[in-house]
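Fold and geometry: a report
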Amino acid sequence: QVQVVESGGGLVQAGGSLRLSCAGPRSILSINPMGWYRQAPGKQRELVARITSGGYTDYADSVKGRFTISRDNVKNTVYLQMNSLKPEDTAVYYCAVDIGLQRQWGQGTQVTVSS
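Quick look at the structure, then.

So, how was this worked out
- Residues numbered from 1 in each chain as written.
- Predicted model: local features only at pLDDT ≥ 70, side-chain atom pairs only at ≥ 80, totals over all residues.
- Heavy atoms only, no water.
- Helix = DSSP H or I, 4+ residues; strand = E, 2+ residues; numbered from the N terminus.
- Rg over C-alpha atoms; globule rule 2.2 N^0.38 Å.
- Buried < 20%, exposed > 50% of the residue type's maximum accessible area, 1.4 Å probe, protein only.
- Areas by Shrake-Rupley, 256 points an atom, 1.4 Å probe, with all protein chains shown as cover.
- Lys, Arg positive; Asp, Glu negative; His and termini not counted.
- Charge placed at Lys NZ, Arg CZ, Asp CG, Glu CD.
- Disulfide = S-S within 2.5 Å.
- Pairing = 2+ DSSP bridges.
- Axes fitted to C-alpha atoms, helices over the stretch in contact; angles between N-to-C directions.
- Salt bridge = Lys/Arg side-chain N within 4 Å of Asp/Glu carboxyl O.
- Core = buried A, V, L, I, M, F, W, Y, C linked by side-chain atoms within 4.5 Å.
- Contact = heavy atoms within 4.5 Å.

**Details of the overall build of the protein**
The helix and strand tally for the protein stands at 1 helix and 11 strands. On C-alpha atoms alone, the protein measures out to a radius of gyration of 13 Å, which is about the 13 Å that the 2.2 N^0.38 rule sets for 115 residues. Dimensions of the protein along its principal axes, counting C-alpha atoms only, are 40 × 25 × 25 Å. A total of 115 residues make up the protein; the buried ones form 43% of that total. For the protein, the exposed area adds up to about 6100 Å²; of that, 49% sits on carbon and sulfur atoms. Of the charged side chains in the protein, 12 are positive and 8 negative, and the gap between their average positions amounts to 3 Å.

This is the structure in structure tokens:
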């Protein structure tokens, strides 16, 4: 079981910014696709952004132009920079790594955006 650990969540006002971090083993993070997902109360978990080992990125329509996913293979960390946050971005955010057909999750970090 690969351990990835999220950090950086918190409470922010609408229009503000947060940066989430996901750290894990270099041997895993540097070569496998990574993604950020979120789950709001009463809703299903959804993809927010993902990045391949080659740096290709993909975003949910709801966050395009506001969020940026990136990876630093030296620091063994994947980031999610979130700008222009909205109350509807409030959720628990999870980092996940895809290893073959398996998706392994972090424990999640709460992001709360107040209006």
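Further notes follow.
**Description of the state of the cysteines**
For the structure shown, the criterion picks out 1 disulfide. Residue pairing for cysteine 22: its cysteine sulfur links by disulfide to cysteine 95, the two sulfurs lying 2.0 Å apart. Negative torsions about the S-S bond denote left-handed disulfides, and the value of about -70 degrees found for cysteine 22 with cysteine 95 makes this one left-handed. Of this pair, cysteine 22 sits in strand β3 (residues 18-23) while cysteine 95 sits in strand β9 (residues 91-99), and the two are 73 residues apart along the sequence.

**Section: the sheet that holds β3**
Taken together, 4 strands build an open sheet; the order of strands is β1-β3-β8-β7 and the sheet is antiparallel. Bordering the open sheet on either side are β1 (5-7) and β7 (67-72), each of which pairs with just one other strand. If you compare each strand with its neighbour and ignore which way they point, the axes differ by 15 degrees on average. One ladder, built from 6 bridges, connects β3 with strand β8 (residues 77-82); its direction is antiparallel. Along β8, the bridge assignment pairs leucine 18 with methionine 82.

**Considering the pattern of salt bridges**
Counted under the stated rule, the structure contains 6 salt bridges. For arginine 38, the salt bridge goes to glutamate 46, with nearest N and O atoms at 2.8 Å. A relative accessible area of 6% places arginine 38 in the buried class. Exposure remark for glutamate 46: the relative accessible area of 36% places this residue in the partly exposed category. Lysine 64 serves as the salt-bridge partner of aspartate 61, at 3.1 Å between the closest nitrogen and oxygen. Several salt bridges converge on common partners, so that one network encompasses Arg38, Glu46, Arg66 and Asp89.

**Considerations on the nonpolar core**
Of all hydrophobic cores here, the largest spans 28 residues; its most connected members are Trp36, Leu80, Met82 and Tyr93. Secondary structure elements with two or more residues in this core: β3, α1 (26-29), β4 (34-39), β5 (46-51), β7, β8, β9 and β11 (109-114). With 4 residues, the single largest contributor to this core is β9. Once you skip the residues sitting within four places of it in the chain, methionine 82 turns out to touch Gly16, Ser17, Leu18, Leu20, Arg66, Phe67, Tyr93 and Val111.

**Re the pairing of β7**
Only one face of β7 is covered, namely the one carrying Phe67, Ile69 and Arg71; the face carrying Thr68, Ser70 and Asp72 has none of its residues buried. Note that β7 and β8 share 6 bridges and pair antiparallel. Looking at β8, one finds that aspartate 72 is bridged to threonine 77. What sits between β7 and β8 in their antiparallel hairpin is a turn of 4 residues, with asparagine 76 showing a positive phi close to 55 degrees.

Read these as spatial facts, not as claims about activity.
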